[in-house]
Amino acid sequence: MTERIVRFSIKRPKLVIWAVIALSLLFGSQLPRAKTDTDPKHMLPATSPVRVNNDKVEERFELHADWIVLGIVNESGVLNRNTLSKIARITDEVAGIPGVIAYDVVSFTTADNVTAKGQDLYARPVMSTVPTTSGETAALRKSLYENPMFVDRLISKDGKATAIYVPIEKTANGKVIADRVRALFEKEAKDGNGDRFYLAGDPVARDTFGAQMFKQMAVFSPIAGIVMFIALLLMFGSLIPVIAYMAVAMVCVIWAMGGTIGLGIPVHIMSSMSPVFLMAISTDTVHIFNEFYFRFKETGDRESAIMDTMRVVGRPLIYTDLTTAAGFACLAAGHIIPVRVFGLLVAFGTLALLLMSFTLTPALLSLLKPERLRALTAHEDLEESRTSRRLAYLANWSILRHRLVAVGGILLLVVSLVGIQRVRVNNNMVEWFKPKSEVRVADTIINQKLGGTATAYLVAQGDKEGAVKRPDTLRRIEQIQRELEKSPLVGKTTSIVDVVKRINRVMHGDDPKYEVIPDSENVVAQYLLLFSMVGKPRDLNNFVDYPMRQANLWVQLKTWDAAAMQTVMKQISHSKSANGPIRIKPAGAAYFNLVWNNEVLWGMLYGFILSCILVLVLMALCFRSLRWGLVAALPLLFTIVVIYGFVGFVGKDFDMPISVLSTLSLGLATDFAIHFIWRFRQRRAELGGNPPLDELLTWTVARPGKGIVRNALLFALGFSVMMFAALTPYITVGLFMAAIMLLSALTTLVYLPALVKLWQRWLLAKDITLASNGYARGVEGQEK
């Protein structure tokens, strides 16, 4: 079947090429419809218990899912007339931006301060008008610092920072609104007053990343393509192999991305990296051209060389592509949406690659002129090729020192296992930006000056209606707050307890000693009733439900690290106050980041383990030998362990980019190993009898191994340019892709010969040769 397809492609190359172009235009027409989605909450199915619970919490307490934080810093203090005037103007103007929930914007001019006059309770903005005298400024300062709910939220302890909190609609784009807000404060910053403005918050980070990831890929994908173009040209000396590779890679990317977007599926951070993965996996062309050059040198006939090449490398290509596709498809077994999309997208792209290997690539090969081929392949011989001679020397070294190589590999694995124990599973979207980027600097400054930009909700559930009004329940919640605030990761906590204590104080002549929880449940109930009558609805609804059975505790964290929220959850689980009559359930953006961390990263790990098992089974079927299947899996195991050992030693978190790269190593390491072992066994079957093992291994390293080296160097060079990207996930991808490529190739060409030599009796004594295989018979006697 495959032979007929190849022969058809050779006879009618123009028809094949135009058919591929037509289909690519069809898929490519969907690309402009691409939409991004970087919201962590959308990573889980709508029916997920975590997502359902979070939606209920937001609805019950009238909370907003997304907040933009505008930090304002003045080293001389923000409580001056000029800065306060800016705050008032910006607050009014921000409220008018489309997508902003105007009635819940929080700043000095909108945040209510609870006061009392006699038995009358009042809730008025802490700054109704901008102070014009020093006395008015002093009164504002007193109002801010005497109300604990304002300190570290609206005003920093040192008075040098404040913030405007801007809630946005769920469908709004955080970057678009952030750009509008930026235009406002850039205009205000021109007076030289010393005010500095910083924009932070989850929607700013994720939507800015969503916009930047397309720009980064638009810039660095062509640069990587140019570098690989030059490398291929130097390797093969002709434009046809270069065009063939680039065309096949582009077809896979366009078909996979176009098909995904055409189905209406948004582009997540993981699927945005799919073009990089597909270009890395599109290695078939390199193996085909590597063997084709050898074949043409031996036969001198173009069509025979193409057919012989596909007979020899066709079966390994089928198995490597099917194994890779199956491995990625296994990721769809989980319930995390981006992981599913990523796995199926790359699997489809890999199958498209397999189709192109037997159609488009042979068609392009047939366009090469024989005269040009003779010049190009003049030195494509094991004796004349410098690369092949060097690889032969490497093979001899590995074979002669096979025990030393094996021991060295074991020692490296042991050291790497030590490093793996230091790996921390963690995710932080803000750290996907470089340290000096605007988003990361803003987040750092606001976290240093105020309570923090990462918000979590801890819902305290009582045993019956009215439980929140009981003094003992309120004291338990207060104790939880005090315990959490001991952690340097927690910047501030706010709850109904703070509201009740504030009311109790002002109702007793603003005496600080009454800033405590009243002993009477009836008094608490009266306070809450009074407050509901004078304050904004959100001021109470954000903290309690109407049956007064549940209370919402706001926690502001100093970092978006998922590990920080994990620490909070551990504190809650160990807190005596969080046990007994009340139970704590988490929600909020920071908690979703933790869920993303656990579900996605651990889900990727689970999917990867499942993929490894499936790949092992497929390789055993490929070689019709469990023994050879196990040997073929060793480069994969070695690459993974060494890479993650390095990650642990350098202190790099096991985050989303790193977890995604583990699946890439699955495709690359198995690709090299399958090609090596298949060609080794195929050569052994062709020679017949019991040919010298050392010569067999040397030939495999020198001839098919040359394709492996070309492949590894090509992508190591191409994707190393991504280390200059502005977003750290792409830097990680570039750096680790180069490392995975080189390490996979080195493991295949150095460790596999040593292991085959070491285990020759176990592997070869009962080895089923491929003499009966049509691929071996078709090329028998033509190997040099």
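Calculation rules
- Residues numbered from 1 in each chain as written.
- Predicted model: local features only at pLDDT ≥ 70, side-chain atom pairs only at ≥ 80, totals over all residues.
- Heavy atoms only, no water.
- Helix = DSSP H or I, 4+ residues; strand = E, 2+ residues; numbered from the N terminus.
- Polar contact = N/O pair within 3.5 Å; in protein donor to acceptor, adjacent residues only side chain to side chain.
- Contact = heavy atoms within 4.5 Å.
- Patch = residues over 30% accessible without salt bridge, like charges linked within 9 Å, V, L, I, M, F, W, Y side chains within 5 Å.
- Areas by Shrake-Rupley, 256 points an atom, 1.4 Å probe, with all protein chains shown as cover.
- Salt bridge = Lys/Arg side-chain N within 4 Å of Asp/Glu carboxyl O.
- Buried < 20%, exposed > 50% of the residue type's maximum accessible area, 1.4 Å probe, protein only.
- Pairing = 2+ DSSP bridges.
- Axes fitted to C-alpha atoms, helices over the stretch in contact; angles between N-to-C directions.
- Domains from an automatic or database assignment.
- Core = buried A, V, L, I, M, F, W, Y, C linked by side-chain atoms within 4.5 Å.
- Parallel < 35°, antiparallel > 145°, perpendicular 65-115°, else oblique.
- Left-handed = near helix turned anticlockwise from the far one by under 90°.

Observations concerning the side chain of Thr162
Okay, step 1: If you trace the backbone, Thr162 turns up in strand β4 (residues 161-168).
Okay, step 2: In terms of polar contacts, Thr162 uses its side chain to reach the backbone carbonyl oxygen of Leu154, at 2.5 Å.
Okay, step 3: When sequence neighbours within four positions are dropped, the list of residues in contact with Thr162 reads Leu70, Gly71, Ile72, Val78, Ile87, Phe108, Leu154 and Leu450.

Notes on a nonpolar patch on the surface
Okay, step 1: A cluster of nonpolar side chains, contributed by Ile226, Phe229, Ile230, Leu233, Leu234, Leu239 and Ile243, occupies part of the molecular surface with about 650 Å² of accessible area.
Okay, step 2: Elements represented by at least two residues in the nonpolar patch include exactly α7 (202-236) and α8 (239-262).
Okay, step 3: The element that contributes the greatest number of residues to the nonpolar patch is α7, accounting for 5 residues.
Okay, step 4: You can see Ile230 is positioned in helix α7.
Okay, step 5: For Ile230, a relative accessible area of 46% translates into the label partly exposed.

Here's the deal with the sheet that holds strand β1 (residues 66-73)
Okay, step 1: The strand order across the open sheet built from 3 strands is β4-β1-β5, with neighbouring strands paired in antiparallel fashion. Looking at strand neighbours, the two that pair on one side only are β4 and β5 (196-200), the edges of this open sheet. For this sheet, the mean inter-axis angle between neighbouring strands, taken without regard to orientation, is 20 degrees.
Okay, step 2: Sheet topology note: the β1/β4 ladder contains 8 bridges and is antiparallel. When the bridges of β4 are listed, Trp67 appears paired with Pro167.
Okay, step 3: Contacts between helix α4 (residues 81-95) and the sheet are confined to β1, β4 and β5, with β4 contributing the most and set at about 5 degrees to the helix.

What about the domain arrangement of the protein chain?
Accessible area lost on assembly of the parts is the figure often given for the size of an interface.
Okay, step 1: Per the domain assignment, the segments making up the protein chain are domain 1 (2-41 + 237-400 + 595-773), domain 2 (63-206) and domain 3 (449-589).
Okay, step 2: Put simply, the middle of domain 1 and the middle of domain 2, counted by C-alpha atoms, are 55 Å apart.

Considerations on the pattern of salt bridges
Okay, step 1: In total, this model carries 40 salt bridges according to the counting rule given.
Okay, step 2: With its nearest N and O atoms 3.5 Å apart, the salt bridge here joins Glu3 to Arg7. With Glu3 and Arg7 both in helix α1 (residues 2-11) and 4 residues apart, the pair spans about one turn of that helix.
Okay, step 3: When its relative accessible area of 35% is taken as the criterion, Glu3 is described as partly exposed.
Okay, step 4: Take Arg7: its relative accessible area is 32%, and that puts it in the partly exposed class.
Okay, step 5: Here Asp104 ties to Arg538 by a salt bridge, and the two come within 3.0 Å at their closest N and O atoms. With Asp104 in the loop between α4 and β2 (112-117) and Arg538 in helix α22 (residues 537-541), this pair connects stretches of sequence that are 434 residues apart. Each member of the pair Asp104 and Arg538 is classed as buried.
Okay, step 6: Salt bridges here are not isolated pairs; linked through shared partners, they connect Glu3, Arg7, Lys11, Glu303, Asp308 and Arg311.

Some remarks on the sheet that holds strand β6 (residues 454-461)
Each strand in a sheet pairs with another by means of backbone hydrogen bonds, the pair being arranged parallel or else antiparallel.
Okay, step 1: One open sheet accounts for 4 strands, arranged β7-β8-β6-β9; its pairing is antiparallel. In this open sheet, the two edge strands, each paired with only one partner strand, are β7 (490-494) and β9 (583-587). Here the strands of the sheet are splayed against their neighbours by 25 degrees on average, with no regard to which way each runs.
Okay, step 2: As paired strands, β6 and β9 are joined by 5 bridges and run antiparallel to one another. From the neighbouring strand, Ala460 faces β9, where its bridge partner is Ile584.

Considerations on the nonpolar core
Okay, step 1: In terms of nonpolar packing, the biggest core is built from 244 residues, with Phe108, Ile269, Ile496, Met565 and Tyr730 touching the most fellow members.
Okay, step 2: When residues in this core are grouped by element, the largest group, 15 residues, is from α8.
Okay, step 3: Apart from the residues within four sequence positions on either side, Ile269 is in contact with Phe209, Met213, Trp432, Trp596, Met656 and Tyr730.

Re the packing of helix α19 (residues 471-485) against helix α20 (residues 496-506)
Okay, step 1: Two numbers describe how α19 lies on α20: the axes approach to 9 Å, and their chain directions differ by 110 degrees. Of the possible angle classes, the one that applies to α19 and α20 is roughly perpendicular. For the pair α19 and α20, the crossing hand works out as left-handed. Between α19 and α20, the residues in contact are Leu474, Ile477, Glu478, Gln481 and Arg482 and Ile496, Val497, Asp498, Val500 and Lys501, respectively.

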